[in-house]
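Listed below, chain by chain, are the residues.
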Amino acid sequence: MLFVTSMAMGLAIAAPLGPIGALCIQRTLAQGFFAGLAGGLGTALADALYASFAAAGFATFAATLARISTPLGLVGGGFLLWLAWKGWPRGVPAPQAAAAAQRPALATAALTFALTIANPATILSFAAIFAGLGLAETASLASAVQVVAGVFAGSMLWWFILAGAVAALHHRLPTAFALWVARVSSLMMGGFGLWALANAVA
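All values reported here derive from a predicted model rather than from experimental measurement.

Visitor: Please clarify how the environment of A118 should be interpreted in this entry.
Guide: You can see A118 is positioned in the loop between α6 (105-117) and α7 (120-133). Through-space distance from the C-alpha of A118 to that of G73 is 6.4 Å; in sequence the pair is 45 residues apart.

Visitor: What's the story with the nonpolar core in this structure? I'm lost.
Guide: In globular proteins that are soluble, nonpolar side chains generally tend to be buried together. Within the largest apolar cluster, 18 residues are counted, with the highest numbers of intra-cluster contacts made by L115, W159, L162 and M189. Breaking this core down by element, the ones donating at least two residues are α2 (19-31), α3 (33-56), α4 (58-87), α6 and α8 (141-169). Broken down by element, this core gets its largest block of residues, five residues, from α2.

Visitor: Would you mind showing me how to read the confidence of the model for the chain here?
Guide: Low-pLDDT stretches of the model should not have their predicted coordinates read in fine detail. Overall, the predicted model of the chain reaches an average pLDDT of 75, with 71% of residues at or above 70. Taken element by element, the chain is modelled with least confidence in helix α5 (residues 94-100), mean pLDDT 43, and with most confidence in α8, mean pLDDT 88. The model gives residues 92-101 a pLDDT under 50, and that stretch makes five contacts with residues more than four places away or in other chains.

Visitor: Sorry if this is basic, but what is going on with a nonpolar patch on the surface here?
Guide: A cluster of nonpolar side chains, L41, L45, L49, F53 and F113, forms an exposed patch at the surface whose accessible area comes to about 380 Å². Tallying contributions element by element places α3 first for the nonpolar patch, with four residues. Mapping F113 onto the fold places it in helix α6.

Visitor: Sorry, what's going on with the packing of aromatic side chains here?
Guide: To describe a pair of aromatic rings, you give the distance between the ring centres and the angle between the ring planes. Taken as a whole and judged by the stated rule, the model has two aromatic pairs. Ring geometry for F33 versus F34: centroids 5.1 Å apart, planes at 75 degrees, classification edge-to-face. Connected via pairs of aromatic rings, a cluster forms that spans F33, F34 and F160.

Visitor: What is the right way to look at the packing of helix α1 (residues 2-14) against α8 in this model?
Guide: A pair of packed helices can be characterised by two numbers: the angle between their axes and the separation between those axes. Put simply, α1 and α8 touch, their axes get as near as 6 Å, and they point 40 degrees apart. As the angle between them shows, α1 and α8 are arranged oblique. With respect to the hand of their crossing, α1 and α8 are arranged in right-handed fashion. On the side of α1, the interface is formed by L2, F3, S6, M7, M9, G10, L11 and A14, while α8 contributes S143, Q146, V147, A149, G150, V151, A153, G154, S155, L157, W158 and W159. Counted by class, the contact of α1 with α8 contains 13 nonpolar, seven polar and no charged residues.

What counts as what
Residues numbered from 1 in each chain as written. Predicted model: local features only at pLDDT ≥ 70, side-chain atom pairs only at ≥ 80, totals over all residues. Heavy atoms only, no water. Helix = DSSP H or I, 4+ residues; strand = E, 2+ residues; numbered from the N terminus. Core = buried A, V, L, I, M, F, W, Y, C linked by side-chain atoms within 4.5 Å. Buried < 20%, exposed > 50% of the residue type's maximum accessible area, 1.4 Å probe, protein only. pLDDT = per-residue confidence, 0-100. Contact = heavy atoms within 4.5 Å. Patch = residues over 30% accessible without salt bridge, like charges linked within 9 Å, V, L, I, M, F, W, Y side chains within 5 Å. Areas by Shrake-Rupley, 256 points an atom, 1.4 Å probe, with all protein chains shown as cover. Salt bridge = Lys/Arg side-chain N within 4 Å of Asp/Glu carboxyl O. Phe/Tyr/Trp six-rings, centres within 6.5 Å; stacked < 30°, edge-to-face > 60°. Axes fitted to C-alpha atoms, helices over the stretch in contact; angles between N-to-C directions. Parallel < 35°, antiparallel > 145°, perpendicular 65-115°, else oblique. Left-handed = near helix turned anticlockwise from the far one by under 90°. Nonpolar A, V, L, I, M, F, W, Y, C, P; charged D, E, K, R; others polar.

Next up, the structure:
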């Protein structure tokens, strides 16, 4: 039961279509299903890492977050703004843009891992949900393992669904769809970057 609850929590945290979701869609359109799934893997690993911190002790987890939330917000916000500027399409033809977007799956996973770790929304989501569901009181190692595995499985399930759906519908979508996804992705990352910086300096 604890595994299922944690899996639902991982799915709920991953599902909202934020900047990483838009990035996953963009990578899937440019490079295919496994490139999109690689982006999801980085996020799922970061989610599992946060879950392990929270399961190890909510008080310690909360105290640590209070100390590092500002630098994380600054780094994460700046990184998102850089990605927004870098990812904005600048009139490059679709075939060249797709070629320019190519990057190893490991690099994509590392990128989304870093973004998720530095995302203040992820931090706050885990803190709130763990406290609300009482998962922060988990004491045994077996329970902690179930929580972490469940969060990882739930997060990966969402990215599998998202990347799979985009890959399956890719050829049915209009040719301009990838261009608009790139634009929306850049705007979302820029907006979240500004929000993260504003919260960090507030």
